[in-house]
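Geometric and topological summary
These are the residues of each chain, in order.
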Amino acid sequence: MIINNTEIRPGDNEKLEVNIARLPSHSPIDIVINVARALKPGPVLLLIGGLHGDEINGIEIVRRIIEEGKNVPERGTIICIPIINVYGFIHFSRYVPDGKDVNRSFPGNKNGSLASRVANYLMKDIIPKIDYGLDFHTGGAERTNHPQIRCNMKKSINQELASIFNAPFTVHSAYRPKSLRYAANKLDKNILIYEGGESSRFDEYAIQQGFNGAIRVMKHLGMTSSETISPDYENQIVKSSSWIRAHTSGIFQSMISSGEKVTKNQVVGSITDPFGDFKISVKSPASGFVIGLNNNPILHQGDAVMHIGIV
C-alpha cells in the first residue's frame, strides 16, 4: 500500500504527515494519517474525525482508538485520520478560511481552495484504497445529536454494518451531493456517519458509544479479536424524522432530554417572552424519539428546536 509516496508493508505501523496547503503566515496545513497493517490480509477500514474542525467528539474517538492500540489490526488495514479539517480545528470552526464546508466540496480539485484540496487529496490517495469507513461527527450550531448512525439503508451492506455498530439510533439518510459519503459511494466504497454530541464540547456518553461501535465493526470484519461491550439499549431504526420549529421568537425551556421517547401532541417545552408577556407550549408533531436538540435557549421564529426521529 502506498500513501503519500510512502510504502506501507504488511506488519507496518506508520504515521504520515501530508502537506495540503500553506497559510499566508507560512504555517503548514498538514494532515496526520496513521496506517496500521496486519501481516494477515483483510479489509481496509478508514476511521476519520474532524471533517468539521469544531466537532471534537469524533476527533477524540479516533484518538482513543489509536491511544489504546485498537487501530492495529490482526487482519487487514486500519487507516486513522483524527483531524481532516486542521484549519477548522485550530480556529474552533466548522469551516476553512473562505467559509467553505469540506464535506460539501467533494470530489475536490487539487488546484482549488483549501476545502477542495483536502477533498481532492482524500479522493485520490485514501478513498480508493479502502473497503469501509466510519466518519465521526457531532451536531453543529449548538445542537446536540443523540448517538446515531446515518447511512443509506437501501444498501444491504450499510444495514449490516449499522446493525453491528449498534448505536442507540440508526437513521436512514440519502446521499447528499458533494459530501464525502456521496463521492465515496460513486467508487463503491461504503462509509457510515456517526453523529454524537455537540460541537466544541466533549460528550463522554457519545464518545464511548462511538468507540464501542467502532470496535464492534472491527470485530465483525474479522480485524480484531478484542472483547466488545454489549449496549444497554435497543437500537431504534429511524426511517423518517421531523424538526419542531419555533412558531415565535423567545426563550425555549425544554422539558425533554436528548434520546427520550415522546408521543404526538406531547408538550416538550415552552417558549417564553424575556419580558414576561407570554408563555407558549411547544408540542411534538409526531410520536418518536428525540434524536437532536437545540441547546441554545434563545430562538428566532422558524429556528429548529427539537429533532424527532420516527421509528
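Anyway, here's the lowdown on the structure attached to this text. (Residues numbered from 1 in each chain as written. Predicted model: local features only at pLDDT ≥ 70, side-chain atom pairs only at ≥ 80, totals over all residues. Heavy atoms only, no water.)

Let's shift gears to the overall build of the protein. In terms of regular secondary structure, the protein is built from six helices and 19 strands. The globule rule puts the C-alpha radius of gyration for 311 residues at 19 Å, and the 20 Å found for the protein is close to it. Expressed as lengths along the three principal axes of its C-alpha atoms, the size of the protein is roughly 70 × 50 × 30 Å. For the protein, buried positions account for 53% of its 311 residues. Within the protein, residue pairs in contact and separated by at least 24 positions form 66% of the contacts whose partners lie at least 6 positions apart. The protein carries 34 positive and 30 negative side-chain charges, and their two centres are separated by 7 Å. (Helix = DSSP H or I, 4+ residues; strand = E, 2+ residues; numbered from the N terminus. Rg over C-alpha atoms; globule rule 2.2 N^0.38 Å. Buried < 20%, exposed > 50% of the residue type's maximum accessible area, 1.4 Å probe, protein only. Contact = heavy atoms within 4.5 Å. Lys, Arg positive; Asp, Glu negative; His and termini not counted. Charge placed at Lys NZ, Arg CZ, Asp CG, Glu CD.)

Moving on, we get to the pairing of strand S6 (residues 75-81). The two faces of a sheet get side chains in turn, since along a regular strand they alternate between them. S6 sits mainly inside the fold: six of its seven residues count as buried. In this sheet, S6 lies alongside strand S5 (residues 40-48) in parallel orientation, the contact comprising six bridges. Counterpart to Ile48 in the pairing with S6 is Ile81. Once you follow S5 into helix H1 (residues 56-67) and on to S6, the crossover reads as right-handed. (Pairing = 2+ DSSP bridges. Right-handed = clockwise from strand over helix to strand, strands pointing away.)

Spatially, the four strands line up as an open sheet ordered S16-S15-S13-S18, and their pairing is antiparallel. Single-partner strands in this sheet number two, and they are strand S16 (279-283) and strand S18 (298-299). Bridge analysis of strand S13 (residues 250-254) against strand S15 (residues 267-272) gives four bridges, and the strand direction is antiparallel. Counterpart to Phe252 in the pairing with S15 is Ile271.

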